[in-house]
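Overview (structure and organization)
Single-letter residue listing:
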Amino acid sequence: MKVLIKIGSALISRNNRIDYKWLEKKVDEISALYREGIKPIIVSSGAVAAGMEIRSLRKRPADSVSLQMLSGMGQVRLSKYYKDLFKEKYIFTAQLLLTHHNFDSKSEVSAITGIINRCLDEGVVPIINENDMINKEEFDSEGTFTDNDILAAFVASAVKVDRAIILTNVDGLYAGNPNNDGNGKKPELIERVEKIDEKIKSMAADGKSDLGLGGMRSKVLAAEMITKSGIETVVANGNYSIIDIMENKVPFTLFTVV
């Protein structure tokens, strides 16, 4: 069973640094799934946070060139974090950096699919991220991959995973903004979405963190892309155990296949 797990900036970072303890816990959970026969694919943000960590920066720069440089520096550290944590579990990792241009042609999509599937067949966990060093669009305007949500959708669809799990810092899609409901009452969690229409999209807040470029709207758009490829998609709270998410033991939003 192939499972894509998307990890965003708001989860993997804290105070503009990589939250190493949180990441260690997630690697433990993914490793447990691996030992049960699950083939995980990780789409991970966090390179800019790791770069800021290296440069001892407290505030995210505003210009795209500085962000590209930080991403390039940080990607090395982020990859090492993953490598070292999985190595403790006797699991190898491979890094794959992509841009949206890599999905423009069938030949490139085929190459991407081939190398990811070879990793999975060999028991290697692919760690995928945006290649920010050569694709500054991620830092311009709204961001091409919106904190890797859309990248995750491209990868999940190309590789034909069995399930996609998009981790965020809330329990899923709510009928209103769970952080600012305006009346003191938390809105309803939408546990199951069978059709992604304008009503569903309107429920998704565009809120973003200092390090993240996404928001719930980009996760709903990613879910729409993935479900159109025939793949169930879960948007869940990454502070829950991924094992519990897989076993339906915690609340989340499930986007079903049309």
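Relevant structure appears above.
Below: a short report on this structure. (Residues numbered from 1 in each chain as written. Predicted model: local features only at pLDDT ≥ 70, side-chain atom pairs only at ≥ 80, totals over all residues. Heavy atoms only, no water.)

Taken as a whole and judged by the stated rule, the model has 15 salt bridges. With its nearest N and O atoms 2.9 Å apart, the salt bridge here joins lysine 6 to aspartate 149. In this pair, lysine 6 is assigned in strand β1 (residues 2–7) and aspartate 149 in helix α6 (residues 149–159), connecting sequence segments 143 residues apart. On the basis of relative accessible area, aspartate 149 is assigned to the buried category, the value being 0%. The network of salt bridges with common partners includes Lys6, Asp149 and Lys219. (Salt bridge = Lys/Arg side-chain N within 4 Å of Asp/Glu carboxyl O. Helix = DSSP H or I, 4+ residues; strand = E, 2+ residues; numbered from the N terminus. Buried < 20%, exposed > 50% of the residue type's maximum accessible area, 1.4 Å probe, protein only.)

Considering the arrangement of structural elements, one finds glutamate 36 in the loop between α2 (20–35) and β4 (39–44). As for glutamate 36 and methionine 1, which are separated by 35 residues in sequence, their C-alpha atoms are 10.0 Å apart.

Here we come to the sheet that holds β1. Spatial strand order, β5-β6-β4-β1-β7-β9-β10-β8: 8 strands in an open sheet with mixed pairing. This sheet does not close on itself; its edge strands, each paired only once, are β5 (93–98) and β8 (192–193). As paired elements, β8 and strand β10 (residues 252–255) share 2 bridges and run parallel to each other. Paired with arginine 192 across the bridge in β10 is leucine 254. (Pairing = 2+ DSSP bridges.)

Two elements in contact, α2 and helix α4 (residues 64–87), have axes separated by 10 Å at closest approach and are oriented at 50 degrees. By the criterion of interaxial angle, the relationship of α2 to α4 is oblique. In this structure, the crossing between α2 and α4 has a hand that is right-handed. Listed contacts from α4 to Tyr20, Leu23, Glu24, Val27, Ile30 and Ser31 of α2 are Tyr81, Tyr82, Leu85 and Phe86. Looking at the contact of α2 with α4 residue by residue, the classes come out as 8 nonpolar, 1 polar and 1 charged. (Axes fitted to C-alpha atoms, helices over the stretch in contact; angles between N-to-C directions. Parallel < 35°, antiparallel > 145°, perpendicular 65-115°, else oblique. Left-handed = near helix turned anticlockwise from the far one by under 90°. Contact = heavy atoms within 4.5 Å. Nonpolar A, V, L, I, M, F, W, Y, C, P; charged D, E, K, R; others polar.)

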